Amino acid sequence: MLAANVQHMVASGIVEPQVAASLGEFLNAISPTLTEYEFYTDGLFFKGIAFFNRFGALTVFMAAFTFIPYKVFTISAGLFGQPFLAFVLASLLGRGMRFFAVSALFYFFGPKIEPWLRRNLEWMALLFALLLLGGFLLVRYL
């Protein structure tokens, strides 16, 4: 069972002790429905949890701004005990920037921009998010 790994995750600092019980219940609930159990026991699932706990606000921002399924990240933020204020700020900033960008394009180019936006908005958002992430990494490691 996946839930057996929760105490190891707490001991290694991947998961905060206060969310261990809810994570264990969640893993017990989903374990019977998993078809690719090796994927989860291989450690990739837990590496994903560790990544989300380390870069939680940034991942929520990226999901809010891009076409990545935002609902998955909002549920994960609650499940993994992300700080509420950081979650709200990342969500407001990400969604606000996305909707502001669309409204600014409509303001400057009018309705004729709609077909172009439908084809390219997701790729533009992803490119911007990757450039933003690259900028953060560049600043951090320089």
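Refer to the structure above for everything that follows.
Conventions we followed
Residues numbered from 1 in each chain as written. Predicted model: local features only at pLDDT ≥ 70, side-chain atom pairs only at ≥ 80, totals over all residues. Heavy atoms only, no water. Phe/Tyr/Trp six-rings, centres within 6.5 Å; stacked < 30°, edge-to-face > 60°. Helix = DSSP H or I, 4+ residues; strand = E, 2+ residues; numbered from the N terminus. Buried < 20%, exposed > 50% of the residue type's maximum accessible area, 1.4 Å probe, protein only. Lys NZ or Arg CZ within 6 Å of the ring centre and 35° of its normal. Axes fitted to C-alpha atoms, helices over the stretch in contact; angles between N-to-C directions. Parallel < 35°, antiparallel > 145°, perpendicular 65-115°, else oblique. Left-handed = near helix turned anticlockwise from the far one by under 90°. Contact = heavy atoms within 4.5 Å. Nonpolar A, V, L, I, M, F, W, Y, C, P; charged D, E, K, R; others polar.

Visitor: Is there a simple way to think about the packing of aromatic side chains in this case?
Guide: Between two aromatic rings, the relevant description is the distance of the centres plus the angle of the planes. Applying the stated criterion to the full structure yields three aromatic pairs. Taking the centre distance of 6.1 Å and the plane angle of 10° together, the rings of F61 and F65 count as stacked. Placement of the pair is F61 and F65 together in helix α5 (residues 56–65), with a separation of four residues, close to one helical turn. Side by side, F61 and F65 carry an identical accessibility label, which is buried. A centroid spacing of 5.2 Å and a plane angle of 80° characterise the contact between Y107 and F108, whose relative ring orientation is edge-to-face. Since its relative accessible area comes to 69%, Y107 is described here as exposed. F108 gets classed as exposed once you look at its relative accessible area, which sits at 63%. Aromatic rings pair up to connect F61, F65 and F128 into one cluster. Taking the ring centre of Y70 as reference, the NZ or CZ of R95 above it sits at 4.4 Å.

Visitor: Would you mind going over the packing of α5 against helix α7 (residues 84–109) with me for this structure?
Guide: The relative placement of two packed helices is expressed as an angle between their axes plus a distance between the axes. Two elements in contact, α5 and α7, have axes separated by 7 Å at closest approach and are oriented at 25°. Comparing their axes, α7 and α5 come out roughly parallel. Both α5 and α7 take part in a crossing whose hand is right-handed. Of the residues in α7, those in contact with A57, V60, F61, A64 and F65 of α5 are A86, F87, A90, S91, L93, G94, R95, M97 and R98. For the contact of α5 with α7, the residue count by class is ten nonpolar, two polar and two charged.

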